[in-house]
Amino acid sequence: MELGKSLADSDVISELRDAEIAFLNDKEAQLLLSKIKKHEKNRKQGVELNYLKEELFELDSYKRLINAQKASKELMTEINSILNFYINGIDHKCDKDSCANCHRHCAN
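What counts and how
Along each chain, residue indices are assigned from 1 in the same order as the chain's sequence is written. Note on the predicted model: pLDDT of at least 70 is required for a residue's local features to be given, and 80 or more for side-chain atom pairs to be given and counted; whole-chain, interface and lining totals, by contrast, use all residues. As a convention, hydrogens and water are excluded, and side-chain values are obtained from all of the structure's heavy atoms. Secondary structure elements are defined from DSSP: runs of H or I of at least 4 residues count as helices, runs of E of at least 2 residues count as strands, and each element is numbered from the N terminus. Expected span, for any helix, means 1.5 Å times one less than how many residues it has. Each residue is assigned to one of three classes by its accessible area relative to the maximum for its type, calculated with a 1.4 Å probe on protein chains only: buried under 20%, partly exposed between the two thresholds, exposed over 50%. Throughout, the arc means the angular range of directions from the helix axis out to the C-beta atoms. Contact definition: two residues touch when any of their heavy atoms are within 4.5 Å. Every case where a carboxyl oxygen of Asp or Glu lies within 4 Å of a side-chain nitrogen of Lys or Arg is listed as a salt bridge. Polar contact criterion, stated in full: a pair of N or O atoms within 3.5 Å, where within protein one must be able to donate a hydrogen and the other to accept it, and residues adjacent in sequence count only if both atoms are side-chain atoms.

**Student:** How should I be thinking about helix α3 (residues 47-58) in this particular structure?
**Tutor:** What sets the pattern is the α-helix's 3.6 residues per turn: residues three or four places apart point alike. For α3, which comprises 12 residues, the first-to-last C-alpha distance of 16 Å matches the rise-based estimate of 16 Å (1.5 Å per residue) to within 8%. Restricting attention to buried positions, one finds in α3 the residues Leu49, Leu52 and Leu56. Around the axis of α3, the buried residues are gathered within 60° of arc, so they sit on the same side. The outward face of α3, more than 90 degrees from its buried face, is lined by the exposed residues Val47, Glu54 and Glu58. Considering only its buried residues, α3 is in contact with α1 (11-25), α2 (27-41) and α4 (60-88).

Here it is in structure tokens:
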């Protein structure tokens, strides 16, 4: 993330917003999602539900959304790790077994 750029304006968050909009505007995706929710509400399992989910997973708008969600989660995890280090002095990514004598307080 660039210096001086807010989290809300980051490329990762912008892509997440764009992916969400694209998914919500994808009529095929929304139809499949509606059918899946109806099946789940009626507690119907089986081949048809699996087929609907597979169809949804194959849509580009869904794949884009999943990838954007993953990237935003990774960004939030990284930010949380940085904040945790500055607040608590603990770096959760530090591995005491392969310590480089950085004098951080490893969580492990």
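**Student:** I keep staring at the pattern of salt bridges and nothing clicks. Help me out?
**Tutor:** Once their charged atoms are close, side chains differing in charge can pair, the charge on each being opposite to the other. Tallied over the entire structure, the rule returns 3 salt bridges. In this structure, Glu15 and Arg64 form a salt bridge, with 2.7 Å as the shortest nitrogen-oxygen distance. Taken together, the residues span a long stretch of sequence, with Glu15 in helix α1 and Arg64 in helix α4 at a distance of 49 residues. Of the charged contacts in the structure, one is a salt bridge between Glu58 and Lys63, with a shortest N-O distance of 3.9 Å.

**Student:** Teacher, can you tell me more about the side chain of Ser10 here?
**Tutor:** Residue position: Ser10 is located in the segment before α1. Looking at Ser10, its side chain comes within polar contact range of the main-chain nitrogen of Ile13, at 3.2 Å.

**Student:** It is not clear to me how the environment of Leu33 should be interpreted in this structure. Could you clarify?
**Tutor:** With respect to the secondary-structure elements, Leu33 resides in helix α2. In the structure, Leu33 is positioned 19 residues away from Leu52 in sequence and 8.1 Å away in space, judged by C-alpha atoms. Beyond its immediate stretch of four places on either side in the chain, Leu33 contacts Phe23 and Leu56.

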